[in-house]
Amino acid sequence: MSEGSGFRSGMVALVGRPNVGKSTLMNAILGEKISIVSRRPQTTRHRLLGVHTAEDAQMVFVDTPGIHQSKKKINQYMVQAAISALDGVDAVVFVVEALSWTDGDAAILDRLSEVGTPVIAVINKSDRVSPRERLLPFLEEMQDRHAFAALVPLSAERRDNLEPLLAEIAGHLPEGPPLFPEDQITDRSLRFLCAELIREQVFHQLGEEVPYATEVQVEQFQEEEGLARINATVLVEREGQKAIVLGREGRRIKAIGTQARQAIEHLLEARVHLELFVRVREGWTGDDRALRELGYED
Ligand SMILES: Nc1nc2c(ncn2[C@@H]2O[C@H](COP(=O)(O)OP(=O)(O)O)[C@@H](O)[C@H]2O)c(=O)[nH]1
Ligand SMILES: [Mg+2]
């Protein structure tokens, strides 16, 4: 990329309260699932980069855990990860849910107002609003709340109206060469993404508090001629949770493994042999050392 070619590149933070669709939006833009999604809040735990390279611009999205209040150590880690993602970005995409403005949104907007970075508001889940005119008063209220660089109603799930958002973002990026090779879509390893796809199934298949007490670690990851052999441990905090993850006659862990294997096969474009083990690590969500060992760094 020669100088003055007009190519733009930069970093874009995706922020918003839990469950508004930040990860869905990043996956929709990338056309590839790299960030896991569920109906429940706080599915995303780590900062994750998603690289979108177009003809004239490269935008590096920072998907973050949602910003919310909590006393639990692991939750504080997640909020810190979200807030530090605002450092040094060229634009912020603030995701809210159509027709739903909460105290949580207001608290985040307060923090964003302290940063000098342009903020683009995405009004997600617009597919739920019909007729479309019902959005207009909400858009007007949004306009009064902050001098947003733009307001973009869209549906991340249906990949509807993403283009205006991408054009808007590109306009805020400085001229410069790509930050990542154009075939790279994330900063995370396949190993990490596989662990996340297993964790996503825990979120999908287990109710109540168990997913929040669960972590997944890939112990072995071997790729050979179109076949990947993966061994992973599902960590929980207590014996009772282990029994739930295993399920009667091991049926639950088997179903988790089957669904996760399919998702991993899709990601790797290879056949996958997946073995899952369940282990108890007492109180890991409140233990600094355990959190560090499991990759929750400051
Ligand atoms: N109807 C609808 N649901 C969506 C849309 N985007 C995300 N969702 C759903 O909202 C939930 C939370 O999404 P997720 O991306 O995990 O939210 P995050 O916590 O902000 O990352 C999931 O059940 C998604 O399927 C959308 O555009 N329309
Ligand atoms: Mg998320």
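Provided above is the structure to which this section pertains.
Residues numbered from 1 in each chain as written. Chains lettered and ligands numbered in written order. Predicted model: local features only at pLDDT ≥ 70, side-chain atom pairs only at ≥ 80, totals over all residues. Heavy atoms only, no water.

Colleague: What is the right way to read the coordination of the magnesium ion (ligand 2) from this model?
Modeller: Note on metal sites: the ideal angle is 109.5 degrees for four tetrahedral donors, and 90 or 180 degrees for six octahedral donors. For the magnesium ion (ligand 2), every protein donor is listed as Ser23 (OG) and Thr44 (OG1), and the spread of their distances is 2.0 to 2.2 Å. Residue Ser23 is found in helix α1 (residues 22-30), and its partner Thr44 is found in the loop between α1 and β2 (48-53); the two are separated by 21 residues along the sequence. Relative accessible area serves as the criterion here: at 11%, Thr44 is assigned to the buried category. (Donors = N, O, S within 2.8 Å, 3.2 Å for Na, K, Ca; no water. Helix = DSSP H or I, 4+ residues; strand = E, 2+ residues; numbered from the N terminus. Buried < 20%, exposed > 50% of the residue type's maximum accessible area, 1.4 Å probe, protein only.)

Colleague: Sorry if this is basic, but what is going on with the side chain of Ser155 here?
Modeller: Examined against the element boundaries, Ser155 turns out to sit in the loop between β6 (150-153) and α5 (162-171). For Ser155, a relative accessible area of 1% gives the class buried. A distance of 3.1 Å separates the side chain of Ser155 from the backbone nitrogen of Arg158, its partner in a polar contact. If near-sequence neighbours (up to four positions away) are discounted, Ser155 is found in contact with Asn124, Lys125, Asp127 and Asp160. (Polar contact = N/O pair within 3.5 Å; in protein donor to acceptor, adjacent residues only side chain to side chain. Contact = heavy atoms within 4.5 Å.)

Colleague: Explain the packing of aromatic side chains to me, please; I cannot follow it from the model alone.
Modeller: Using the criterion set out here, one finds four aromatic pairs in the structure. Ring geometry for Trp284 versus Tyr296: centroids 6.1 Å apart, planes at 35°, classification tilted. Of the two residues, Trp284 is situated in the loop between β9 (271-280) and α9 (288-293) and Tyr296 in the segment after α9; the sequence distance between them amounts to 12 residues. Grouping residues by exposure puts Trp284 and Tyr296 together as buried. The positively charged end of Arg145 is found above the aromatic ring belonging to Trp101, 4.1 Å away from the centroid. (Phe/Tyr/Trp six-rings, centres within 6.5 Å; stacked < 30°, edge-to-face > 60°. Lys NZ or Arg CZ within 6 Å of the ring centre and 35° of its normal.)

Colleague: Explanation requested: the packing of α1 against α5 in the structure shown.
Modeller: The relative placement of two packed helices comes down to the angle between their axes together with the axis-to-axis distance. Orientation of α1 relative to α5, taken along the N-to-C sense of each, is 90°, at an axis distance of 11 Å. When the axes of α1 and α5 are compared, the pair comes out roughly perpendicular. Listed contacts from α5 to Leu25, Ala28 and Ile29 of α1 are Leu162, Leu165 and Leu166. Of the residues contributing to the contact of α1 with α5, the split by class is six nonpolar, no polar and no charged. (Axes fitted to C-alpha atoms, helices over the stretch in contact; angles between N-to-C directions. Parallel < 35°, antiparallel > 145°, perpendicular 65-115°, else oblique. Nonpolar A, V, L, I, M, F, W, Y, C, P; charged D, E, K, R; others polar.)

Don't take any of this as a statement about function, it's just geometry.
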